[in-house]
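Commentary on secondary and tertiary structure
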Amino acid sequence: MATPPSPTPTPPGRSAAAALPEPDGRAQSRSRLLQERICQRIAQTGGWLGFADYMQMALYEPGLGYYDASGSKFGPQGDFVTAPEISPLFAQATAAQLAEAFAQLPAQVLEFGAGTGALAQELITDLGRRGCAPQQYFIIEVSTDLRARQQQRLAGLPVTWLERLPQAFEGVVIANEVLDVLPVRLFVRGRDGVYERGVRCEGEHLQLQARPADPDLAQQVAAIEALVGPLPQGYGSELCPLAAAWIAALAQALGRGLVLLFDYGFPRREYYHLQRAMGTLMCHYRQRAHADPLWLPGLNDITAHVDFSACAQAAGAAGLDVLGYTSQAHFLMNCGILDRLAGQLDPAQVGAVQRLLSEAEMGELVKVLALGRGLHASPLGFTRGDRRHRL
């Protein structure tokens, strides 16, 4: 067997636990149950589980995974804050893009992973004020906990929850911070080849362990190196095959439509830059970021940035047009967020919009990718600052 890469990871939980708030007993008990189930799965697969399968269980295991269990996830008391919770002006600006699209498309919206329901609520309200309220607003939500919260918040509004993609959907599709929580494969460049990181059980602890990559993963890393040059020994990062599969499934279900994808990410050349040698994997717990995905599984959000070049390539292969790619700041300003802010006297809203637009915060870190089929004009949100040439 080839020599595994170094260094050996620190035992999980020890560095993270020292700096993070102590979970209550109920949360710790739930995490222990999930870890037991993960260890059972590891035993069934021969003592090693690919990180993507581990991440799937940590986030989505029924009743125990982060997104399927109850608990505060969004907002000041949760683990992180998304743009729709920061300011209603995010949705109001996005509504301008939807209103423009509805001039060419049926007034229907399909939102993936609707979080607290804040975006849906404000979009429906603002589009109504514009005289183009959605005829149908669909939500696909994999989290039973979040679906219940959305149904409570959006009661009385024309919202329907779906279990699967509708066929021949026509309208606007929105996914805000959805692709970054799709399970990823972890790879590392060793001295004599490419390795894949997975998870094993060592007594009461979970640990990362690398083994030689299968041909598919090795080929994908070779394609990255053909673009950015040879990766140095010890360089580690992620790949997300599920993102391409998700886009392909969406393309198959879409008739005419506009797809807006908001997420943290980069084009491929920037994603796999030699200076980004530890990848982009990150965890969030009670407004604190840390880098140990094995610490108390089920209690942390686990994310990885999006390779937007791969998304654009997947869209083209599936028959979708790439209509625009820009920063969140450019998208929101193109859609008139500053005009909306001009009527605001609340200093808190001014600060919130600054957070949405600042290059040091979400304004540059979050990108927006527009895909579509059957549209005849460039979308409003990409009239200035379009970066498709970088994909």
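Read on for an overview of the structure. These figures come from a predicted structure and were not determined experimentally. The residue numbers shown here count from 1 along each chain, following its written sequence. pLDDT decides what is reported in this predicted model: residues at 70 or higher carry local features, side-chain atom pairs at 80 or more are listed and counted, and totals for whole chains, interfaces and linings draw on all residues regardless. The basis for the side-chain values is all heavy atoms of the structure; hydrogens and waters are excluded.

Notes on the overall build of the protein chain
Note the following rule: By the criteria applied, helices consist of DSSP H or I runs no shorter than four residues and strands consist of E runs no shorter than two, each listed in order from the N terminus. Restricting the calculation to C-alpha atoms gives the radius of gyration, and the globule rule supplies 2.2 Å times the number of residues raised to the power 0.38. Only protein chains enter the calculation, and the probe is 1.4 Å; a residue is then buried if its accessible area is under 20% of its type maximum, exposed if over 50%, and partly exposed in between. Working definition of accessibility: Shrake-Rupley area with a 1.4 Å probe, residue cover restricted to the visible protein chains.
Counting secondary structure elements, the protein chain contains 15 helices and 16 strands. A compact globule built from 391 residues should have a C-alpha radius of gyration of about 21 Å, and the protein chain, at 21 Å, falls within 12% of that. Buried positions account for 54% of the 391 residues belonging to the protein chain. Working note: accessible area of the protein chain is about 16,800 Å², and carbon and sulfur atoms make up 51% of it.

Let's talk about the packing of aromatic side chains
Heads up, the condition is: When the centres of two rings from Phe, Tyr and Trp lie within 6.5 Å, Trp using its six-membered ring, the rings pair. Their planes under 30 degrees apart give stacked, over 60 give edge-to-face, and anything left gives tilted.
Under the criterion given, the structure shown has 13 aromatic pairs. Aromatic pair F51 and Y54: ring centres 5.6 Å apart, planes at 45°, arrangement tilted. Separated by three residues within a single helix, F51 and Y54 lie in helix α3 (residues 51–60), roughly one turn from each other. Just as F51 is buried, Y54 falls in that class too. Aromatic pair Y285 and W295: ring centres 5.2 Å apart, planes at 80°, arrangement edge-to-face. Of the two residues, Y285 is situated in strand β11 (residues 282–285) and W295 in the loop between β12 (288–290) and β13 (301–303); the sequence distance between them amounts to ten residues.

Comments concerning the pattern of salt bridges
Quick note on the threshold: Any Lys or Arg side-chain nitrogen located within 4 Å of an Asp or Glu carboxyl oxygen qualifies as a salt bridge.
This model, assessed by the stated rule, comprises 17 salt bridges. The residue R37 makes a salt bridge to E61 at a minimum N-O spacing of 3.0 Å. With R37 in helix α2 (residues 25–44) and E61 in the loop between α3 and α4 (83–86), the pair connects residues that are 24 residues apart, well separated along the chain. Residue classification places R37 among the partly exposed positions, given a relative accessible area of 33%. What makes E61 buried here is its relative accessible area of 15%. Where salt bridges share partners, they join E122, D126, R129, R130 and R340 into one cluster.

Some thoughts on the state of the cysteines
Convention followed: When two cysteine sulfur atoms lie within 2.5 Å, the pair is treated as a disulfide.
In this structure the tally under the stated criterion is one disulfide. A disulfide bridge connects C39 with C201, and the sulfur atoms are separated by 1.9 Å. The sign of the -95° torsion about the S-S bond sets the C39-C201 disulfide as left-handed. With a gap of 162 residues between them, C39 in helix α2 and C201 in strand β7 (residues 193–202) connect regions that are remote in the sequence.

A look at the packing of α2 against α3
What counts is decided by this rule: Each axis is a line fitted through C-alpha atoms, taken for helices only over the stretch in contact, and angles between the N-to-C directions span 0 to 180 degrees. For classification purposes, angles smaller than 35 degrees are called roughly parallel, those larger than 145 roughly antiparallel, those between 65 and 115 roughly perpendicular, and all remaining angles oblique. Crossing handedness is read from the near helix: turned anticlockwise from the far helix by less than a right angle, it gives a left-handed crossing, and turned clockwise, a right-handed one. Only heavy atoms matter for contacts: two residues are in contact if any of them lie within 4.5 Å across the pair. In the scheme used here, Gly and all other residues not listed as nonpolar or charged are polar, with Ala, Val, Leu, Ile, Met, Phe, Trp, Tyr, Cys and Pro taken as nonpolar and Asp, Glu, Lys and Arg as charged.
Here α2 crosses α3 at 150°, and the two axes come no closer than 10 Å. When the axes of α2 and α3 are compared, the pair comes out roughly antiparallel. For the crossing formed where α2 meets α3, the hand is right-handed. Between α2 and α3, the residues in contact are L34, R37, I38 and R41 and D53, Y54, M57 and A58, respectively. Within the contact of α2 with α3, the residues separate by chemical class into five nonpolar, no polar and three charged.

Describing the pairing of strand β2 (residues 108–112)
Heads up, the rule is: Only strands joined by at least two bridges in the DSSP assignment are considered to pair. Call a crossover right-handed when, viewed with both strands pointing away from you, the route from the first strand across the helix to the second goes clockwise.
For β2, a buried count of five out of five residues is recorded, marking the element as mostly surrounded by other parts of the structure. The side-chain alternation of β2 yields two buried faces, one formed by Q108, L110 and F112 and the other by V109 and E111. Note: β2 against strand β3 (residues 136–140), five bridges, orientation parallel. Each bridged residue has a counterpart across the sheet, and for L110 the counterpart in β3 is F138. Of the crossover connections in this fold, the one passing from β2 over helix α6 (residues 118–129) to the parallel β3 is right-handed.

Focus: the pairing of strand β15 (residues 321–327)
Burial of β15 is extensive: five of the seven residues sit out of reach of the surface. Pairing geometry for β15 and strand β16 (residues 366–373), over six bridges, is antiparallel. Note that in β16 the partner of V322 across the bridge is L371.

Things to note about the packing of helix α5 (residues 88–101) against α6
At a minimum axis distance of 8 Å, the contact between α5 and α6 shows a crossing angle of 55°. Relative to α6, the element α5 is oriented oblique. Classified by chirality, the crossing of α6 by α5 is right-handed. Along its contact with α5, which presents P88, F90, A91, Q92, T94, A95, L98 and A99, the element α6 presents L119, E122, L123, D126, L127 and R129. Tallied by class, the residues present in the contact of α5 with α6 amount to nine nonpolar, two polar and three charged.

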